[in-house]
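Residue-level listing of the chains:
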Amino acid sequence: HGCDGFLPFPIPLSESSDEIKHGYVPFQGQLELPNGDTLRPNSQGCICWQRDPLQEAELVSLPGWRSACVSREAVKAHATARLIEVCRLKVPIAEVQLVTKCCGAPIPNVQILADGENCGSTGMLGGQVHCPLKCGDHTLRAIHPLVMPDGLSSPLTMTSATSCGVQLELPLERLHFVCVAPP
């Protein structure tokens with residue numbers, strides 16, 4: 001491989017990948033060290049370094065996914081010739097809330113769905129609902145049995161691994177009995 005030490009980082013094969021080899025494709029992310037340096041794999045998914053990179057790496061990152069700490073179990077099991085899980089990267093989070101268009105007041109007890117999957121309810125205080133979503137295009141839907149029994153749909157494109165806040169606005173024509181201005 002052209003270097004003394006290497007560390008293969010296979011990741012599960014995606015359906016759209018051209019590189020089929022034993023059900024895995026080379027890792028395309030990076031290891032982040034405490035001093036700020038990063039280690040990137042070569043085209044075969046191997047990291048060439050003079051020492052064991054897992055001993056010093058703090059984070060594993062991959063575009064479109066949230067970074068994660070290197071598993072201490074992976075450090076212990078490395079160089080045992082077993083396939084190991086270095087870490088488990090998580091998808092970004094969309095923090096979704098339904099608010100009134102007129103004053104931005106949160107609507108309580110709204111069911112939030114992402115791509116047809118129930119993410120949860122805004123609760124009595126109209127709080128945010130956390131929807132884990134991969135990078136790409138999605139459809140959000142807010143349903144309230146009294147105000148919007150047929151629901152309100154909105155497209156959402158997740159473009160980075162960072163969490164994002166999403167406020168869906170309830171159309172004014174639906175607010176006849178929801179918002180009352182003080183005298």
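Residues numbered from 1 in each chain as written. Predicted model: local features only at pLDDT ≥ 70, side-chain atom pairs only at ≥ 80, totals over all residues. Heavy atoms only, no water.

Considerations on the overall build of the chain
Turning to step 1, where the next piece is worked out: Regarding its fold elements, the chain presents two helices and 15 strands.
Turning to step 2, where the next piece is worked out: For the chain, buried positions account for 36% of its 183 residues.
Turning to step 3, where the next piece is worked out: For the chain, the proportion of contacts with a sequence separation of at least 24, taken over those separated by at least 6, is 50%.
Turning to step 4, where the next piece is worked out: Counting every atom, the chain has about 11300 Å² of accessible surface; 54% of that belongs to carbon and sulfur. (Helix = DSSP H or I, 4+ residues; strand = E, 2+ residues; numbered from the N terminus. Buried < 20%, exposed > 50% of the residue type's maximum accessible area, 1.4 Å probe, protein only. Contact = heavy atoms within 4.5 Å. Areas by Shrake-Rupley, 256 points an atom, 1.4 Å probe, with all protein chains shown as cover.)

Some points on the side chain of Thr122
Turning to step 1, where the next piece is worked out: For Thr122, the location among the structural elements is in the loop between strand E11 (117-121) and strand E12 (129-132).
Turning to step 2, where the next piece is worked out: Here Ile107 takes part through its backbone oxygen, which lies 3.1 Å from a polar atom of the side chain of Thr122.
Turning to step 3, where the next piece is worked out: When sequence neighbours within four positions are dropped, the list of residues in contact with Thr122 reads Ile107, Pro108, Asn109, Val110, Ile112, Gly127 and Val129. (Polar contact = N/O pair within 3.5 Å; in protein donor to acceptor, adjacent residues only side chain to side chain.)

Regarding the sheet that holds E11
Whether parallel or antiparallel, the strands of a sheet pair through hydrogen bonds between backbone atoms.
Turning to step 1, where the next piece is worked out: Read from one edge to the other, the open sheet built from four strands follows the order E11-E10-E13-E14, with strand pairing classed as antiparallel. The open sheet has two edge strands with one neighbour each: E11 and strand E14 (148-158). Going from strand to strand, the sheet's axes swing by 25° on average, the running direction of each strand aside.
Turning to step 2, where the next piece is worked out: Summarising the sheet, strand E10 (residues 111-114) and strand E13 (residues 136-144) pair through four bridges and their orientation is antiparallel. Pairing of Leu113 across the sheet is with Arg141, part of E13. (Pairing = 2+ DSSP bridges. Axes fitted to C-alpha atoms, helices over the stretch in contact; angles between N-to-C directions.)

What about the nonpolar core?
In globular proteins that are soluble, nonpolar side chains generally tend to be buried together.
Turning to step 1, where the next piece is worked out: Ala94, Val96, Leu98, Cys131, Leu133, Leu140 and Leu168 are the most contacted members of the largest nonpolar core, which has 20 residues in total.
Turning to step 2, where the next piece is worked out: Residue assignment for this core shows that the elements contributing at least two residues are strand E9 (93-100), E10, E12, E13, E14 and strand E15 (164-170).
Turning to step 3, where the next piece is worked out: Leu31, Val60, Val75 and Val86 belong to the second largest nonpolar core, which has 16 residues in total. (Core = buried A, V, L, I, M, F, W, Y, C linked by side-chain atoms within 4.5 Å.)

Describing the pairing of E12
Turning to step 1, where the next piece is worked out: By the alternation rule, side chains of E12 split into Val129 and Cys131, which are all buried, and His130 and Pro132, of which none is buried.
Turning to step 2, where the next piece is worked out: Relative to E12, E9 is paired through four bridges, and the arrangement is antiparallel. Bridging across to E12, Ile93 finds its partner in Pro132.

Considerations on unusual backbone geometry
Turning to step 1, where the next piece is worked out: Its identity is not glycine, yet Asn109 carries a phi of approximately 55°, on the positive side.
Turning to step 2, where the next piece is worked out: On the secondary structure map, Asn109 appears in the loop between E9 and E10.
Turning to step 3, where the next piece is worked out: Its identity is not glycine, yet Asp115 carries a phi of approximately 55°, on the positive side.
Turning to step 4, where the next piece is worked out: Looking at the secondary structure, you find Asp115 in the loop between E10 and E11.

A few points about the confidence of the model for the chain
Caution applies to low-pLDDT regions: their predicted coordinates should not be interpreted in detail.
Turning to step 1, where the next piece is worked out: Across the chain, pLDDT averages 79, with 77% of residues at or above 70.
Turning to step 2, where the next piece is worked out: The element-level mean pLDDT for the chain is lowest in strand E2 (residues 10-12), coming to 44, with E11 highest at 97.
Turning to step 3, where the next piece is worked out: Long-range and interchain partners of residues 10-21, a stretch whose pLDDT sits below 50, account for 21 contacts in this model, where long-range means more than four residues apart. (pLDDT = per-residue confidence, 0-100.)

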